[in-house]
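Residue strings, one per chain:
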Amino acid sequence: MEKYILSIDQGTTSSRAMLFNHGGEIVETAQREFEQYFPKPGWVEHDANEIWTSVLACMADVLTKADVEAEQIAGIGITNQRETTVVWDRNTGKPIHKAIVWQSRQTQQICNELREQGLNDTFRDKTGLLLDPYFSGTKVKWILDHVDGAREKAENDELMFGTIDTWLVYKLSGKKEHVTDYSNASRTLMYNIYDLEWDEELLDILGVPKSMLPEVKPSSEVYGHTVDYHFFGSSIPIAGMAGDQQAALFGQACFEKGMAKNTYGTGGFMLMNTAEEAVRSDQGLLTTLAWGVDGKVEYALEGSIFVSGSAIQWLRDGLNLIESSKQSESIAGEVDSTEGVYVVPAFVGLGTPYWDSEARGAVFGLTRGTKKSHFVRATLESLAYQAKDVVDAMVEDSGIELKKLRVDGGAVKNDLLMQFQSDLLNVPVERPKINETTALGAAYLAGLAVDFWKDRKEISKQWYVEKDFDPQMNEEKSAELYEGWQKAVEAARVFKL
Ligand SMILES: Nc1ncnc2c1ncn2[C@@H]1O[C@H](COP(=O)(O)OP(=O)(O)O)[C@@H](O)[C@H]1O
Ligand SMILES: O=P(O)(O)OC[C@H](O)CO
């Protein structure tokens, strides 16, 4: 009876389940979207129960579609949208508020107040993060401050906190396990990534009782088993867990120091493996835990770009300049260059390295001769320029030269973009055969724990390039183009309403 690993990829807009075989190939997939709630401008929430039922449905769908029995699943790996915060009642197992999503800005004021008290460095020095509403800590505080009776309940040990990985393991295990992994814990603004423990001082500042927090575990280990009523009489080991960007780094087999991947999805996330060294950043990068595997933790440097592929969606849905994201390539290809046009897609501010939440999008360099194709090309190029901003910051902070970049996410199908990225960075860009690197990473983490795969060497051998792009532009030209981008960003940031 052939065995498989089932990977759950719980993302921001949809949940997916994928079955992987021993060769690391996708056998079947299932996907379900769920509702996004926008109660106020800038706020984004999910219903944790809707997330749970979407995951359960995907798991059932994928087994049915593949005609695979639950007994054939050697282990389950979970990867998830990070930072999104759920607080639930220990007695009933019911969330006391909607999940506050990573994108949500509803804790801006809390962050401002903490910053005004001069606490940014306190958080940064312990967590590797910044005081930004992006991370979980201030979201937990917000829930305790705003839900009737929540703080009292929390102090009486009646509430539990979890990111989505924790919530799913809790539900899958029949409310038995309350665990997370290093990679997810490192995104909460409450976990000391150097001492590897929940930080009492930070919990005190945020007013979060330690009893609410899950136990932090390695990313590859059997945390518990599914209760059999969900899985047709089978109890399956839940054996791998990691935040989605760290899982993608693992799925891209970026196991050595200096290896990096960039994901071009809705947003952009670049991670560089820095092995056992936690590199502190002066350039607005995040220092984060990559994973805990083989009895040790490893670190990564991360650059977060808020708008990447969604700029192409904007061309399609907002401006009606293209009919599909794919068409951006042929239209941009009608011209050889943007002829000096730059689009800065700072629609929700700018992330790494600027962290400017008030910046807004801008277009520069228009002339009477500017055509649609220049505009589309400039938007596409902005994805690559933003990645270059992050790479330069990484090289400066870590002192590690980038030798090549592995890529994934929806927009990497665009050859023109990939070529331009390689030209701009002056390194080869490698697009893997399996683009679902996030789900694959979670599958590998689970598979290692249940001996489905032996070690990382075996995994590395399963990583294949589908296409690579080598630099073709001369360096002077690419430096000149990048200088134009830097001027455009600078000018965009001056404009504040
Ligand atoms: N050929 C293409 N060229 C440029 N962008 C693309 C192309 N195909 C998809 N995209 C963009 O990729 C994004 C979807 O990527 P995906 O990795 O599925 O996102 P996520 O996982 O964040 O939802 C969309 O924003 C879409 O506009
Ligand atoms: O759900 P995704 O793929 O957009 O990823 C969200 C990130 O984990 C946020 O940090």
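Parameters at a glance
Residues numbered from 1 in each chain as written. Chains lettered and ligands numbered in written order. Predicted model: local features only at pLDDT ≥ 70, side-chain atom pairs only at ≥ 80, totals over all residues. Heavy atoms only, no water. UniProt positions renumbered as here; feature names shortened; annotations may be inferred. Pairing = 2+ DSSP bridges. Helix = DSSP H or I, 4+ residues; strand = E, 2+ residues; numbered from the N terminus. Axes fitted to C-alpha atoms, helices over the stretch in contact; angles between N-to-C directions. Contact = heavy atoms within 4.5 Å. Near = heavy atom within 4 Å. Polar contact = N/O pair within 3.5 Å; in protein donor to acceptor, adjacent residues only side chain to side chain. Areas by Shrake-Rupley, 256 points an atom, 1.4 Å probe, with all protein chains shown as cover. Nonpolar A, V, L, I, M, F, W, Y, C, P; charged D, E, K, R; others polar. Buried < 20%, exposed > 50% of the residue type's maximum accessible area, 1.4 Å probe, protein only. Right-handed = clockwise from strand over helix to strand, strands pointing away.

In the nomenclature of an unreviewed UniProt entry, the chain corresponds to Glycerol kinase from the organism Halobacillus amylolyticus. Its UniProt record gives the chain the following Subunit (unreviewed entry) comment, quoted word for word: "Homotetramer and homodimer (in equilibrium)." Note on the chain: under the UniProt heading Pathway (unreviewed entry), the record states "Polyol metabolism; glycerol degradation via glycerol kinase pathway; sn-glycerol 3-phosphate from glycerol: step 1/1."

Undergrad: What is the right way to read the sheet that holds strand β3 (residues 26–33) from this model?
TA: Strand pairing in a sheet is mediated by backbone hydrogen bonds. Such pairs are either parallel or antiparallel. Pairing is mixed in the open sheet, where 6 strands are placed in the order β3-β2-β1-β5-β14-β13. Looking along the sheet, the strands with just one partner apiece sit at the ends: β3 and β13 (220–225). Adjacent strand axes in the sheet meet at a mean angle of 25°, parallel and antiparallel pairs treated alike. Sheet contacts for helix α6 (residues 164–172): β1 (4–10), β5 (73–80), β13 and β14 (237–243); angle to β5, the most-contacted strand, approximately 145°. Sheet contacts for helix α9 (residues 244–251): β5 and β14; angle to β14, the most-contacted strand, approximately 105°.

Undergrad: Explanation requested: the site of ligand 2 in the structure shown.
TA: In the vicinity of ligand 2, the contacting residues are G11, T12, Q81, R82, E83, W102, Y134, D244, Q245 and F269. Between T12 and ligand 2, the recorded distance is 2.5 Å, taken from a side-chain N or O atom to an oxygen atom. Interatomic distance of 2.8 Å between a side-chain N/O atom of E83 and an oxygen atom of ligand 2. Notes on ligand 2: free accessible area 310 Å², of which the protein chains cover 85%. Residues of the shell around ligand 2, tallied by class, amount to 3 nonpolar, 4 polar and 3 charged.

Undergrad: So what exactly am I meant to see when it comes to the environment of G77 here?
TA: As for its position among the elements, G77 is in strand β5. Exposure remark for G77: the relative accessible area of 0% places this residue in the buried category. Residues G77 and F135 lie 58 residues apart in sequence; the distance between their C-alpha atoms is 23 Å. Contact partners of G77, with chain neighbours within four places excluded, come to L6, S7, I8, G240, A442 and A446.

Undergrad: I would appreciate a short explanation of the site of ligand 1 in the present structure.
TA: Taken together, 14 residues surround ligand 1, and among them T266, G309, S325, G410 and N414 come closest. Between G309 and ligand 1, the recorded distance is 2.9 Å, taken from a backbone N or O atom to an oxygen atom. In this structure, an oxygen atom belonging to ligand 1 sits 3.0 Å away from a side-chain N or O atom of S325. Contact with the protein chains hides 72% of the accessible area of ligand 1, taken as 590 Å² for the molecule alone. Of the residues forming the shell around ligand 1, the biggest block, 4 residues, is contributed by helix α10 (residues 309–318). Each residue belonging to the shell around ligand 1 can be placed in one class, and the counts come to 2 nonpolar, 10 polar and 2 charged.

Undergrad: Quick question: what am I supposed to make of the pairing of strand β21 (residues 405–408) here?
TA: If a strand is regular, its side chains alternate between the two faces of the sheet. The alternating pattern of β21 places L405 and V407 on one face and R406 and D408 on the opposite face, and all of these are buried. With 4 bridges connecting them, strand β15 (residues 260–264) and β21 associate as parallel partners. When the bridges of β21 are listed, A260 appears paired with L405. Of the crossover connections in this fold, the one passing from β21 over helix α13 (residues 415–425) to the parallel strand β22 (residues 429–432) is right-handed.

Undergrad: In this structure, what is going on with the side chain of R431? I would like to understand it.
TA: Following the sequence through the fold, R431 ends up in strand β22. Classification of R431 by relative accessible area gives buried; the value is 8%. If we skip the residues at most four places from it in the chain, R431 touches V407, V412, K413, N414, D415, M418, V465, E466, K467 and F469.

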